[in-house]
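Geometric and topological summary
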Amino acid sequence: MHKFNIVIIALFFSPGLFAATGERPDPEAVNAGKGLYQEYCQSCHQKDGVGEKPIPSFIARPGYLTAMPLNETSHAWHHSDEQIIHTILNGLQRTKRMPAWKGVITEQQASHILAYIKSFWSDRILACQGPKHMSCM
Ligand code: HEC
């Protein structure tokens, strides 16, 4: 029982694990996420999250999706922190190109990557992150 409490307390205070939607990420979490982003995400979502260049439709296979920007020019910020972490760990139904990273990276690493992604967003975008984006801008 005692050990269990300590685990709970440690989880609660681990930086970035419970990142909050709409809040500027912790600089330490951003730093921790940068290298992970470069290793696992940048090949598709590109440096600074600018996304892949669209492939002309006459070349692309039907249904092929390019990796959208994760900076504020696309819609990653329409989702809450929890939803984005869920996408990172479980991938997307609509395309196998976005892999499920569960088993490769931990939930905490996913939250650090999210912190790095959020560092691309301005205060104005951060303030509108998640469900309230519809009424916010
Ligand atoms: C092999 C290419 C590839 C890699 C590597 C990759 N992604 Fe993706 N990602 C995609 C594609 C393709 C989509 C879906 C594009 C669409 O739906 O139009 C996507 C979608 C997403 C979305 C959904 C964004 C939204 O607005 O709904 C998030 C978040 C995301 N990726 C994060 C990541 C993170 C974080 C990593 C690294 C851990 C990563 N991706 C690695 C290809 C990739």
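Preceding this paragraph is the structure being described.
Parameters and conventions
Here the residue numbers are simple positions, counted from 1 along each chain's written sequence. At least 70 in pLDDT is required for a residue's local features to be given in this predicted model, at least 80 for side-chain atom pairs to be given and counted, and no such filter applies to totals for whole chains, interfaces and linings, which use all residues. Side-chain calculation: all heavy atoms of the structure are included, whereas hydrogens and water are not. Listed donor atoms are N, O and S within 2.8 Å of the metal (Na, K and Ca: 3.2 Å). As water is not included, a site may look incomplete. Four donors are marked tetrahedral only if all angles between them lie between 85 and 135 degrees, whereas four are marked square planar and six octahedral if opposite donors are more than 155 degrees apart and the other angles lie between 65 and 115; the remainder are marked irregular. A run of H or I in DSSP counts as a helix once it spans at least four residues, and a run of E counts as a strand once it spans at least two, with each numbered from the N terminus. A simple rule labels every residue: compare its accessible area, found with a 1.4 Å probe on the protein chains alone, to the largest value its type can have, and call it buried under 20%, exposed over 50%, or partly exposed in between. Axis definition: a line fitted to C-alpha atoms, limited for helices to the stretch in contact. Angles are taken between N-to-C directions and run from 0 to 180 degrees. These descriptions rest on fixed angle ranges, namely under 35 degrees for roughly parallel, over 145 for roughly antiparallel, 65 to 115 for roughly perpendicular, and the rest for oblique. Should any heavy atoms of two residues lie within 4.5 Å, those residues are counted as being in contact. Polarity classes work like this: nonpolar for Ala, Val, Leu, Ile, Met, Phe, Trp, Tyr, Cys and Pro, charged for Asp, Glu, Lys and Arg, and polar for all others, with Gly in that last group. By convention the crossing between two helices is left-handed if the near helix lies anticlockwise of the far one by an angle smaller than a right angle, and right-handed if it lies clockwise. Among buried residues, the Ala, Val, Leu, Ile, Met, Phe, Trp, Tyr and Cys ones that are joined through side-chain atoms within 4.5 Å form a nonpolar core. The nearness test applies per residue and asks whether one of its heavy atoms lies within 4 Å of the molecule or strand. Pairs of N or O atoms within 3.5 Å make up the polar contacts considered here, provided that, within protein, one atom can donate a hydrogen while the other can accept it, and that residues adjacent in sequence are counted only when both atoms are side-chain atoms.

Side note on the coordination of the iron atom of the ligand
Taken together, the protein donors to the iron atom of the ligand comprise His45 (NE2) and Met98 (SD), at separations of 2.0 to 2.2 Å. Coordination at the iron atom of the ligand is octahedral, judged from the 6 donor atoms that bind it and the angles of 87 to 180° they form at the metal. Remark: Met98 occurs in the loop between helix H4 (81-90) and helix H5 (107-118) and His45 occurs in helix H3 (residues 42-45); sequence separation between them is 53 residues. Relative accessible area serves as the criterion here: at 19%, Met98 is assigned to the buried category.

Considerations on the packing of helix H2 (residues 27-40) against H5
For the pair H2 and H5, interaxial distance at closest approach is 7 Å and the crossing angle is 100°. Classed by the angle they form, the pair H2 and H5 counts as roughly perpendicular. Residue-level contacts link Ala29, Val30, Ala32, Gly33, Lys34, Leu36 and Tyr37 of H2 to Gln109, His112, Ile113, Ala115, Tyr116 and Ile117 of H5. In terms of residue class, the contact of H2 with H5 is built from 9 nonpolar, 3 polar and 1 charged.

What to know about the packing of H4 against H5
The description of two helices packed together rests on the angle between their axes and the distance between the axes. Between H4 and H5, the least distance of the axes is 10 Å, while the angle of their chain directions is 120°. Judged on the interaxial angle alone, H5 and H4 are oblique. Considering how the two elements wind past one another, H4 and H5 form a crossing that is right-handed. When H4 is examined against H5, the residues Asp81, Ile84, Ile85, Ile88 and Leu89 are found in contact with a partner set consisting of Glu107, Ala110, Ser111, Leu114 and Lys118.

Observations regarding the nonpolar core
Core analysis: the largest hydrophobic core is formed by 26 residues, its most contacted members being Tyr37, Ile88, Ile105, Ala110, Ile113, Ile117 and Trp121. Those elements giving two or more residues to this core turn out to be H2, H4, H5 and helix H6 (123-127). Here the element with the most residues in this core is H5; it accounts for 6 residues. The residues touching Ala110, leaving out its near neighbours within four places in the chain, are Ile85, Ile88, Leu89 and Ile105.

Let's talk about the site of the ligand
For the ligand, the set of nearby residues contains 25 residues, the closest of which are Cys41, Cys44, His45, Arg94 and Met98. Residue His75 places a side-chain N or O atom 2.8 Å away from an oxygen atom belonging to the ligand. Broken down by secondary-structure element, the contributors of at least two residues to the shell around the ligand are H3, H4 and H5. Here the shell around the ligand is composed, by residue class, of 16 nonpolar, 7 polar and 2 charged.

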